[in-house]
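Structural overview for review
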Amino acid sequence: MNYDQFFADKVAALKAEGNYRVFADLEREAGNFPTAKNYQANGTANITVWCSNDYLGMGQNPVVMNAMHEALDKCGAGAGGTRNISGTNHYHVLLEQELAELHKKEAGLIFTSGYVANLTALSTIGQMMPDCVIISDALNHNSMIAGIKHSRSDKLIFKHNDLEDLEAKLKGVGPDRPKMIAFESVYSMDGDIAPIKEICDLADKYNALTFIDEVHAVGLYGEHGGGVAERDNLMDRLDIIQGTLAKGFGVVGGYIAGTESMCDFVRSFGDGFIFSSSMPPAVAAGALASVKYVKEHNELREKHQERAATLKKRLTDAGIPVMPSETHIVPVMVGDPVLCKQASDELLFNYSVYVQPINYPTVPRGTERLRFTPTPLHNDELMDHLVDSLVKVWSQLGLKQAA
Ligand SMILES: *Cc1c(COP(=O)(O)O)cnc(C)c1O
């Protein structure tokens, strides 16, 4: 076999269907978010980032940056080991306590990313619990799917946010088998929210564990940024709350929160936790500062919601097909991978607006879209420019208008 030909052919096929990914080469500017420098073929351009998951701009918050500088100077660059072998720094311990408190749980456990948190927690629980069945929402994130696959436990997939289908699946499993319902609060590509309370009611009725991914909600919803479950007063009804430190909190890392015994179990048996070096102390210090800050600044969340609502309204008024979203996420349907990439290129190179095309496999084929994430730092002027630019690109490429 010609190995390299194999690799090249696979990539060529992606290109032919319009799903080849080109990364925007950026230099973020602290103090100037959402502006960034974009390295292009012939020099650099100043652009506005409209698709960042740094939802509140915490990645450049001076309190977070100072905490990181301080910890870096105090502790150095790396953690120096896995958590078990010399790599537990005091910042890790403080961060886990802070996260437990945020979700009103007994304990928290941090991982190097949200991806690893999902992969490790789901696979460890599913693998070790005898005869466990995992019942998973059809639109769950790849990291949850990977965890469930890796667990090798039986799995059932229920239709997205469909309580009837979920109940049918639970009923089918029967009362005696251990089972876990895995789902998200905010689904980040459509911007819809799970019926968390009703899922918890079904979990009670059929004696199932609940595992919720609040990655796109922590920092952003609830009085203290504890997520949709905090907003809806449901945190105590969820067994395992998973989150990230990389999106609303603007740093990097992931975690789970739950009972002392559950966290201790994953800490003791989870491969992705045990066999990987822990996050650098400065990262833990930055995340800790961010969680504390975000907790106390509800006005950030209010502004965030206002910006998203304003953008949805303005785009809709301009005839741009905003998808129905109940959250801070503003997806705009294009429905074709090639046109989606073209629209994104046009916006970037001619209007200095950066929004990444979202194509298969992140979303189903035929639902390719642009996904805007306005933050509290996207002001009216930036929004004026965005709306004008989109209207022009829409007409230039003959894209579908709102129905
Ligand atoms: C981004 C994401 C993750 C992974 O979190 P990272 O901290 O970025 O690894 C997990 N779940 C969902 C729903 C996500 O969108």
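Our next topic: the overall build of the protein chain. Along the protein chain, the regular secondary structure elements total 14 helices and 16 strands. For 403 residues, the compact-globule estimate of 2.2 N^0.38 gives 22 Å, and the protein chain sits close to it at 22 Å. The principal-axis extents of the C-alpha atoms in the protein chain amount to approximately 60 × 55 × 55 Å. The 403 residues of the protein chain split such that 52% are buried.

With that settled, the discussion passes to the nonpolar core. Core analysis: the biggest nonpolar cluster contains 55 residues, and Leu95, Ile181, Phe183, Ile196 and Leu245 have the highest contact counts within it. Excluding its chain neighbours within four sequence positions, the residues that come into contact with isoleucine 181 are Ile135, Phe158, Leu166, Leu170, Ile199, Ala203, Ala208, Leu209, Thr210 and Phe211. Core analysis: the next-biggest nonpolar cluster, separate from the first, contains 29 residues, Val49, Val353, Leu386 and Leu390 among them.

The subject of this paragraph is the site of the ligand. Surveying the vicinity of the ligand reveals 13 residues, the closest of which are Gly114, Asp213, His216, Thr244 and Lys247. Side-chain polar atom of aspartate 213 to a nitrogen atom of the ligand: 2.6 Å apart, as the coordinates give it. Within the side chain of threonine 244, an N or O atom sits 2.6 Å from an oxygen atom of the ligand. Contact with the protein chains covers 85% of the free accessible surface of the ligand, which is 370 Å². Examining the composition of the shell around the ligand, we find that three residues originate from one element, helix α4 (residues 114–128), more than from any other. Taken together, the residues of the shell around the ligand sort by class into two nonpolar, eight polar and three charged.

Our next topic: helix α11 (residues 281–296). Along its 16 residues, α11 runs 23 Å from first to last C-alpha, staying within 8% of the 22 Å computed at 1.5 Å per residue. For α11, a buried count of 13 out of 16 residues is recorded, marking the element as mostly surrounded by other parts of the structure.

Entries for the protein chain in the domain assignment read domain 1 (60–296) and domain 2 (298–397). A separation of 28 Å is found between the C-alpha centroids of domain 1 and domain 2. When domain 1 packs against domain 2, the two sides together hide about 1,500 Å² of surface, and 49% of this comes from carbon and sulfur. Joining domain 1 to domain 2, the criterion identifies one salt bridge. Between arginine 369 and aspartate 190 there is a salt bridge; the shortest N-O distance is 2.5 Å. Inspection of the domain 1/domain 2 interface yields 13 residue pairs in polar contact (both at pLDDT 80 or more). Residue assignment for the side of domain 1 that touches domain 2 shows that the elements contributing at least two residues are β8 (186–187), β9 (192–193) and α11. Of the residues assigned to the side of domain 1 that touches domain 2, the class counts are eight nonpolar, eight polar and five charged.

Now for the pairing of strand β5 (residues 133–137). With five of five residues buried, β5 is to be regarded as a mostly interior element. Side chains of β5 alternate between two faces, with Val133, Ile135 and Asp137 and Ile134 and Ser136 buried alike. Each parallel crossover has a hand, and for β5 linked through helix α5 (residues 142–151) to strand β6 (residues 154–158) it is right-handed. Here β5 pairs with strand β7 (residues 179–184) via four bridges, running parallel. Bridging across to β7, serine 136 finds its partner in alanine 182.

A word on unusual backbone geometry. Here the bond from phenylalanine 33 into proline 34 is cis, since omega is 5°, no more than 30 degrees from zero. By secondary structure assignment, the location of proline 34 is in the loop between β1 (26–28) and β2 (35–40). Here the bond from tyrosine 360 into proline 361 is cis, since omega is 5°, no more than 30 degrees from zero. Mapped onto the secondary structure, proline 361 falls in the loop between β15 (357–358) and β16 (369–372). Even without being glycine, serine 86 reaches a positive phi, approximately 75°.

Before going further, it helps to spend a moment on the pattern of salt bridges. For the structure shown, the criterion picks out 23 salt bridges. Salt-bridge contacts for glutamate 167 lead to lysine 205; the nearest nitrogen and oxygen are separated by 2.6 Å. Taken as a pair, glutamate 167 in helix α6 (residues 163–173) and lysine 205 in helix α7 (residues 196–205) lie far apart in primary sequence, 38 residues in all. The class of lysine 205 is exposed, set by a relative accessible area of 55%. Between aspartate 317 and lysine 313 there is a salt bridge, with the nearest N and O atoms lying 2.6 Å from each other.

So, about α6. For α6, the full list of buried residues reads Asp165, Leu166, Glu167, Leu170 and Val173. Looking at the buried positions of α6, the neighbouring elements they touch are β5, β6, β7 and α7. You can read the cap of α6 off the contacts: a side-chain oxygen lies 3.0 Å from the backbone nitrogen of glutamate 164, and it is on aspartate 162. A positive phi of about 85° marks glycine 174, the residue just after α6.

All right, on to the side chain of aspartate 213 then. Within the secondary structure, aspartate 213 sits in strand β10 (residues 209–213). In this structure aspartate 213 is buried but unpaired, with lysine 247 as the nearest side chain of opposite charge at 7.2 Å. Within the local environment of aspartate 213, its side chain forms a polar contact with the backbone nitrogen of valine 215, the two atoms lying 2.8 Å apart. Apart from residues no more than four positions distant in its own chain, aspartate 213 is found in contact with Asn118, Met144, Phe183, Glu184, Ser185 and Gln242.

Calculation criteria
- Residues numbered from 1 in each chain as written.
- Predicted model: local features only at pLDDT ≥ 70, side-chain atom pairs only at ≥ 80, totals over all residues.
- Heavy atoms only, no water.
- Helix = DSSP H or I, 4+ residues; strand = E, 2+ residues; numbered from the N terminus.
- Rg over C-alpha atoms; globule rule 2.2 N^0.38 Å.
- Buried < 20%, exposed > 50% of the residue type's maximum accessible area, 1.4 Å probe, protein only.
- Core = buried A, V, L, I, M, F, W, Y, C linked by side-chain atoms within 4.5 Å.
- Contact = heavy atoms within 4.5 Å.
- Near = heavy atom within 4 Å.
- Polar contact = N/O pair within 3.5 Å; in protein donor to acceptor, adjacent residues only side chain to side chain.
- Areas by Shrake-Rupley, 256 points an atom, 1.4 Å probe, with all protein chains shown as cover.
- Nonpolar A, V, L, I, M, F, W, Y, C, P; charged D, E, K, R; others polar.
- Expected span 1.5 Å × (residues − 1).
- Domains from an automatic or database assignment.
- Buried area = accessible area lost by both parts, 1.4 Å probe.
- Salt bridge = Lys/Arg side-chain N within 4 Å of Asp/Glu carboxyl O.
- Right-handed = clockwise from strand over helix to strand, strands pointing away.
- Pairing = 2+ DSSP bridges.
- Lys, Arg positive; Asp, Glu negative; His and termini not counted.

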